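The lines below spell out each chain.
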Amino acid sequence: MGLTGLERLAGRAAAARILRPYVCPLATEWIANAPDERYQSVPGTLVFADVSGFTRLTERLASQGKAGAEEITELLDLVLGALLDASTACGGWLVKWGGDALLLMFDGEGHAARACAAAAAMRAEIARVGRLDTSVGHIRLKMSVAVNSGDVDYILAGHRHKELVVTGATATVTARLEGDASAGEILLGHQTAASLPPGCLGAKRGSGTLLARAPRTGATPPPPDSRVHRPKDLERAMDPAVAAALLAGAGAGEHRTVAVAFIEFRGVAELADRTGVGGVVDAVDELVTVTEDSAARFGVTFHETDIGPDGGKILLVAGVPESLDAPEEALLCAVRDTLDRFDGLRVRAGITSGRVFSGGLGPPYRRSYSIKGDAVNLAARIMGRAEPGEILALPEVVAASRTPFSVTPREPFSVKGKKRPVTAVAVGPAVRRDTDLDVTAAGQLPLCGRRAELGLFEEALRRAGGGEGGTLIDVVGGPGSGKTRLLAEVAARAGARVVASRGEPYHAATPYGVVDDLVRRALHLDPIDDADAAVQLDAWAQAVSPDLAGWLPLLAVAIGVSLPDTPQTAVLDERYRAARIHEVVVSALAHALSDPTVIVVDDAQHCDDASRAVLQKMAEALNARPWVLVVSHRPCTQGQEVLPVVNTVPVREVVLSALDAADAAALIEHDTHDAPLPRHVCAAILARAGGHPLFLRELVRAAQSGSRELPDTVERVIAAGVDRLSPPVRLLLRACAVQGLEADPQLIAHLVDVAPSAAAWKRLGGYLAREGSVWRFRESLAREVAYEGLPFRKRALLHGRLADLLSARDAETDPAVLSEHYFLAGRYESALVHSRAAADAATGRYAFTEAVIAGERAVASIRRLPGHDRALLADLWYELGEARRHLGDYGEAESAYRASHRVAIDPVAQARSAERWALSASWRGAYSLGLRRVRRSLE
């Protein structure tokens, strides 16, 4: 049934309410009323307020990982929201959020005086709200402010979305004044100072004047805008991916692993002098258009622009609002592509990666879809050290990219907010990977499982060698599933020639980028350019296929060189030229590869259209060729075609599923041969990884290094899949993860704001399986990743709500379950009660492992309570020591007894703990030490 007019109207109104706070009012009006105009000059006053102290705080909180990123976001929300309230009361409106800064605009009557009054009010506000008690200590924030009046230049740039860019002379002076202002100062531009009474002015500072006191303003700020805007106008003001995420409910906040880039452009003043404002508008529009095209091509988000001296900055993010399994590679490709395609202004960039917290920031009337974390601040600092035309990146960013780039190391340099010098590399052009399959991997890493898959390849090779024609093999597997390792084994065992090529993200739009390698390797061509291409190609044609000599200019197109037309190619109609190139390439390969050959195209999801057309021709010719054509790729998304469509030859599909338990155990055994792990740790890895080769190996490495964190490589792969769910369904999955590996749908319905529909549960079928009355996670790692994406505040809320539901529903609920949920909810009194009960119950059943878990939680709970009972704490430490003793963990038992002795008040309790502390040494064979402890205790 279709929607009624009222329903459609209500839907549009709801969409407008969601998006409107995220869009600058000037951009909204501009897009609605004059979307084809690219430039406006608005008289008024800019206020650039930068909060100092957050950069240093962000670095300190970075050591706390996800919790630190979330805390910095909450603190920014508190402080910047208060500052925005103060400025709005004076009639200002927010133009740009800039990390820990605000760019505000005041226009209309008395704009300069109102701007100065707002700056003074914000300075008073930061003194009130800027004294923060954080998890890393007490912090006092300050603020520097620049106020500058004049005609402000705005440009509405881009075509995928309309980005509001602030630039021009007034913006440049404002940015420079802010840089000159010290913490606690308000520095005024010349025109602003000239409009104020002399009594409001202080001393000169550089090119500005300090504000001594706020002017009196009688002007009434304009009323808030109450008009209803069209959702499509609001959507056009932001990256389409961000708009879609916000409409789907992504503003609540999530933890993400991302790559971050700042691209700075300068030279606006010089360009304006040469070409006028029109030249600046053209250049900025071209830069934004090129950048957003490059970003969209590689799945990167065009996050926002910001003010800058003589230009501005663009913030790009890979991994928000949708996770990527390789965000570093995506961002490097996007930034490199942008700088390669644009040369209208001086451009430079800085790139980092790390964990951030993403979500809505700011008061309800004006918000930002922000990312906060140390990686963001550091990207801006690194960009500031790049030369014009240069990309600087952290070495680990380049190392994480599968697409290789030429790099030049830079000397370490110091940046604001970092105690230690930063090491970065200059990123040059992308270079092609070696497309030869690494057959040495067959000897270095065992191929665990995949016996049926190898049998299929062997059968295809038998057909080719027996003159029965070729076979098309479709190898499908997600990241880390072992596609490349399988292909290496095939190459090692083939007993025939192997010609390979790879698709690459950066070259996915390069015509014949994949076929280029196939042709060069098949024809044994040395690296050639236009100068010697004719010689090498002609020599090959005369020796192998003289009938192709007249068509060599077409073959040259496929290897990226240009040859003059021959009589045959000169008369070829342009309409048929592409099709003829494809035929010539396949004919050349047929002459060069007349014996049984394995032709491999790896990572074919990055195949360019021209290469895909040639692969189609190759597939159609397989009946007459002794080829095994292997196309390896990731699972296709809807509407994406990777495999050539062909009905005339056998097509064999190889879907790389999880390894079975025996094969997974064999892989763990290989990886732990030189650095063994305890048997129970290997068993836990086997259970967590679900037979996924990448997960198995990464979890082994993490365990060998002593890390308890889920490896980023594992989290990214799973998170990329989770992100394909809509935000409401994703929240449902995360709520299930809060409950554990099993989720009761009746309880879950009370945890989420809207009761889940049958369709929502169905969409989670890839992660949950129905077992009786509950849903169970198919893989424990999927549960961990879903849980880790939740904000800590949301986690605590859900855990507390779940504990209360369980308590109310069943008085016999396992106290260990309630203990965990109350503890993670931060309700430590309840957690203490249930932890003690759980520990007693486990001890009574001689389940000492569970007793230790509950005992540790009891100790942690009581220590978080103010003015806790020391006698009770001593008892808890003693009981924990007893449970550890029964497990034979004597070292940890000693620590518990010693802790009990230290906090005990009652002499009997002290003596009891001292006795156990002394005896524990003898339990592990240290009798002399035990005797010394007994003597010490007696003393």
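K.L.:
Which residues make up helix H34 (residues 828-844), and what are the values?
P.N.:
The end-to-end C-alpha distance of H34 is 24 Å, a good match for the 24 Å that 17 residues give at a rise of 1.5 Å each. Among the residues of H34, Ala831, Leu832, Ser835, Ala838, Ala839 and Ala842 are the ones counted as buried. Buried residues along H34 cover an arc of 135° about the axis, so they all sit on one side. Those residues of H34 that are exposed and aimed more than 90 degrees away from the buried face are Glu829, Val833 and Gly844. Contact partners of the buried residues in H34: helix H33 (815-824), helix H35 (848-863) and helix H36 (870-886). Following H34 by one or two positions, tyrosine 846 adopts a phi angle in the positive range, close to 60°.

K.L.:
Tell me what's going on with the environment of arginine 827, and back it up with residues and numbers.
P.N.:
Inspection of the secondary structure puts arginine 827 in the loop between H33 and H34. Considering only alpha carbons, one finds arginine 827 and threonine 352, 475 residues apart in sequence, at a separation of 37 Å. Within the structure, arginine 827 has its side chain in polar contact with the side chain of aspartate 804 (distance 2.9 Å).

K.L.:
I'd like a rundown of the nonpolar core, residues and numbers included.
P.N.:
One finds Leu733 and Leu768 to be the most contacted residues of the largest nonpolar core, which totals 55 residues. Here this core gets 7 residues from one element, more than from any other, and that element is helix H28 (residues 727-739). Ignoring sequence-local partners within four residues, the contact set of leucine 768 consists of Leu733, Cys736, Trp761, Trp775, Arg776, Phe777 and Arg778. Core analysis: the next-biggest nonpolar cluster, separate from the first, contains 54 residues, Ile155, Ala157, Phe265 and Val422 among them.

K.L.:
I'd love a proper account of the pattern of salt bridges, names of residues and values included.
P.N.:
Considering all chains together, one arrives at 50 salt bridges under this definition. With a shortest N-O distance of 2.8 Å, arginine 809 and aspartate 744 are connected by a salt bridge. Of this pair, arginine 809 sits in helix H32 (residues 792-809) while aspartate 744 is found in the loop between strand E24 (742-743) and helix H29 (745-751), placing the two residues 65 residues apart along the sequence. We classify aspartate 744 as buried; its relative accessible area is 13%. Linking arginine 795 and glutamate 788 is a salt bridge whose minimum nitrogen-to-oxygen distance equals 3.6 Å. Judged by relative accessible area, arginine 795 falls into the buried class, the value being 7%. Connected via shared salt-bridge partners are Glu254, Arg256, Asp723, Arg730 and Arg734.

K.L.:
So, the side chain of arginine 336: which residues are in play, and what are the values?
P.N.:
The residue arginine 336 is located in helix H12 (residues 327-341) in this model. When neighbours within four sequence positions are excluded, arginine 336 is seen to be in contact with Ile391, Phe405, Val427, Gly428, Pro429 and Tyr506.

K.L.:
Residues and numbers for the sheet that holds strand E26 (residues 774-777), please.
P.N.:
One open sheet accounts for 3 strands, arranged E24-E26-E25; its pairing is antiparallel. With partners counted over all chains shown, the strands left at the sheet margins are E24 and strand E25 (768-771), one partner each. Inspection of the sheet shows E24 paired to E26 by 2 bridges, in the antiparallel sense. Bridge pairing in E26 links alanine 743 to tryptophan 775.

K.L.:
Break down the packing of H32 against H33 for me, citing the residues and quoting the values.
P.N.:
Direction vectors running N to C along H32 and H33 enclose 145°, while the axes themselves pass 7 Å from each other. Handedness of the crossing formed by H32 with H33: left-handed. Contacts between H32 and H33 pair Ala796, His799, Gly800, Leu802, Ala803, Asp804, Leu806 and Ser807 from the former with Val817, Leu818, His821, Tyr822 and Leu824 from the latter. Looking at side-chain class alone, the contact of H32 with H33 contains 8 nonpolar, 4 polar and 1 charged residues.

K.L.:
Go over the packing of aromatic side chains, please, and point to the residues and values.
P.N.:
Inspection of every chain in the model, using the stated rule, returns 6 aromatic pairs. Residues phenylalanine 405 and tyrosine 506 carry aromatic rings whose centres are separated by 6.1 Å and whose planes lie at 75° to one another, so their mutual orientation is edge-to-face. Here tyrosine 506 lies in the loop between strand E20 (497-502) and helix H18 (513-522) and phenylalanine 405 lies in strand E17 (residues 405-409), a separation of 101 residues in the sequence. Residue phenylalanine 405 shares its accessibility class with tyrosine 506, and that shared class is buried.

Thresholds applied
Residues numbered from 1 in each chain as written. Predicted model: local features only at pLDDT ≥ 70, side-chain atom pairs only at ≥ 80, totals over all residues. Heavy atoms only, no water. Helix = DSSP H or I, 4+ residues; strand = E, 2+ residues; numbered from the N terminus. Expected span 1.5 Å × (residues − 1). Buried < 20%, exposed > 50% of the residue type's maximum accessible area, 1.4 Å probe, protein only. Arc of directions from axis to C-beta. Contact = heavy atoms within 4.5 Å. Polar contact = N/O pair within 3.5 Å; in protein donor to acceptor, adjacent residues only side chain to side chain. Core = buried A, V, L, I, M, F, W, Y, C linked by side-chain atoms within 4.5 Å. Salt bridge = Lys/Arg side-chain N within 4 Å of Asp/Glu carboxyl O. Pairing = 2+ DSSP bridges. Axes fitted to C-alpha atoms, helices over the stretch in contact; angles between N-to-C directions. Left-handed = near helix turned anticlockwise from the far one by under 90°. Nonpolar A, V, L, I, M, F, W, Y, C, P; charged D, E, K, R; others polar. Phe/Tyr/Trp six-rings, centres within 6.5 Å; stacked < 30°, edge-to-face > 60°.

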